[in-house]
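Structure assessment
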Amino acid sequence: MSMTLQWFMIYSFVNGMEKHDFLQTRMDRELKDSFSITHLSKQYFDNLLVCRANYNRVFILETGNGTLQVDDVIYKVNGSELFLVAKAQLYAFGPGTEITGYELSFGDCFWEKAPGSASNCKAVLFNNAAANQQLPLSDTDYTEVNGLFKLLHLEFIKDDYSNKLDALAAYLKIIMIKIANVNASLVNGYDSYENQLYRRFVELVSQQYQTTHEVADFALQLGVSARKLSDLCRRCSGKGAKDIINGQVIAEAKRSLQFSSKPVKEIAFHLNFSTPDQFSHFFKKNTQVSPNDYRGHFVNIGM
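An unreviewed UniProt entry lists the protein chain under the name AraC family transcriptional regulator, with Mucilaginibacter sabulilitoris given as the organism.

Here it is as structure tokens:
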């Protein structure tokens, strides 16, 4: 399926743009079997083309120069690093950016082929993607992780054979585990038990944010006090437990406002707010704009 190009009115997606500037935006291409890995060799971006991700993405870059913007945050591209983009995020490489490396894309239905033991790794990396968007790699980590991407790519481009998808899913599982280990090594001050508990918390938040926003509810399920859970989250991510819950709710609210026509009232109840006013107050407190104003900045003005 060819990529669909659309024009959107986007506010503050690109640093320095005025409120009503227009950006060319493409919808993500449909992937066979919801999986793809591509080798990028001196890939050059000469204009700004924003993509809304329908798949989770991992970029491992050998070399790079320029910028990558994900939602409203701009990252400098340096090379020897990973970038993670979660499904439904907006991203774009800045004009003049050049990269060499691999682009790995996979959907939830493909991930289900991966053995369940890797699920926590995916959850901690992608359910709170904003906390893990850019991961620098040491020389040793880059060599090891890039080698896995190379093997996965070689397997992907082979002719189809029985159980090929299972083999690809197994490679993907190993890669997710390795990236999760890299992510853990970048955070100081917590042991393996805390690491596992934090990952379980992030997974629970991704599953239950529509039914509860209370730290105490998650702490009860994990068998720890709310204070201990908050302290643990700060050590593991630099954010409190409540901030992580709120971040998940805000991310889903933004997606619903941008990419659906649901009334604000319906979104509020879907996200477990008692009233639309309660939701609007929460949203404005965390984003500095009202839900209606935020939606107004993402108006589709034609194909």
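Now that the structure is up, let's keep going.
Thoughts on the packing of aromatic side chains
The final tally for this structure, using the stated rule, is 14 aromatic pairs. Taking 5.8 Å as the distance between ring centres and 35 degrees as the angle between the ring planes, the aromatic pair formed by Phe 106 and Trp 111 counts as tilted. Look at Trp 111 and you get buried, because its relative accessible area is 8%. One aromatic cluster in this structure is built from Phe 273, Phe 279, Phe 282, Phe 283 and Tyr 294. Its end group placed over the ring of Phe 156, Lys 164 keeps NZ or CZ at 5.9 Å from the ring centre.

Some remarks on the nonpolar core
By size, the foremost hydrophobic cluster in this structure holds 31 residues, and its most contacted members are Phe 35, Val 58, Leu 104, Phe 106, Phe 149 and Met 176. Residue assignment for this core shows that the elements contributing at least two residues are β3 (35-45), β5 (56-70), β7 (81-85), β9 (97-106), α1 (108-111), α2 (119-126), α3 (139-156) and α4 (164-185). Here this core takes eight residues from α4, the largest share from any one element. Those residues in contact with Phe 106, other than ones at most four positions away along the chain, are Ser 34, Phe 35, Tyr 55, Asn 56, Trp 111, Lys 122, Phe 126, Leu 172 and Met 176. Within the second largest apolar cluster, 18 residues are counted, among which are Tyr 198, Leu 222, Ala 241 and Ile 244.

Description of the pairing of β7
Of all five residues in β7, five are buried; the element is thus mostly enclosed. Judged by which residues are buried, β7 turns out to be covered on both faces: Glu 81, Phe 83 and Val 85 on one side and Leu 82 and Leu 84 on the other are all buried. Sheet topology places β5 next to β7; five bridges connect them, and they run antiparallel. Considered in β7, the bridge of Val 58 is made with Leu 84. Two strands pair when backbone bridges link them, and β7 and strand β10 (residues 134-136) are joined in this way by three bridges, in the antiparallel orientation. What sits directly across from Glu 81, in β10, is Pro 136.

Re the pattern of salt bridges
All chains considered together, the criterion is met by eight salt bridges. Of the charged contacts, one joins Asp 160 and Lys 32 as a salt bridge, the two residues approaching to 3.3 Å between their closest N and O atoms. Within this pair, whereas Asp 160 is found in the loop between α3 and α4, its partner Lys 32 is found in the loop between β2 (22-27) and β3, the two being separated by 128 residues in sequence. Per residue, the accessibility class of Asp 160 equals that of Lys 32, and both read exposed. One salt bridge connects Glu 203 with Arg 200, and the closest N-O pair in it is separated by 3.5 Å. One end of the pair is Glu 203 and the other is Arg 200, both in helix α5 (residues 192-208) and three residues apart, which spans about a single turn. Through salt bridges with shared partners, a single ionic network connects Lys 32, Asp 160 and Lys 164.

A closer look at a nonpolar patch on the surface
Taken together, the side chains of Leu 151, Leu 154 and Ile 157 present a nonpolar region at the surface, about 270 Å² in accessible area. With respect to the helices and strands, the residue Leu 151 is situated in helix α3.

Here's the deal with the environment of Val 70
Within the secondary structure, Val 70 is located in strand β5. Sequence-distant contacts of Val 70, defined by excluding residues within four places in its chain, comprise Tyr 75, Val 85, Gln 89, Leu 90, Tyr 91 and Gln 133.

Conventions and cut-offs
Residues numbered from 1 in each chain as written. Predicted model: local features only at pLDDT ≥ 70, side-chain atom pairs only at ≥ 80, totals over all residues. Heavy atoms only, no water. Phe/Tyr/Trp six-rings, centres within 6.5 Å; stacked < 30°, edge-to-face > 60°. Buried < 20%, exposed > 50% of the residue type's maximum accessible area, 1.4 Å probe, protein only. Lys NZ or Arg CZ within 6 Å of the ring centre and 35° of its normal. Core = buried A, V, L, I, M, F, W, Y, C linked by side-chain atoms within 4.5 Å. Helix = DSSP H or I, 4+ residues; strand = E, 2+ residues; numbered from the N terminus. Contact = heavy atoms within 4.5 Å. Pairing = 2+ DSSP bridges. Salt bridge = Lys/Arg side-chain N within 4 Å of Asp/Glu carboxyl O. Patch = residues over 30% accessible without salt bridge, like charges linked within 9 Å, V, L, I, M, F, W, Y side chains within 5 Å. Areas by Shrake-Rupley, 256 points an atom, 1.4 Å probe, with all protein chains shown as cover.

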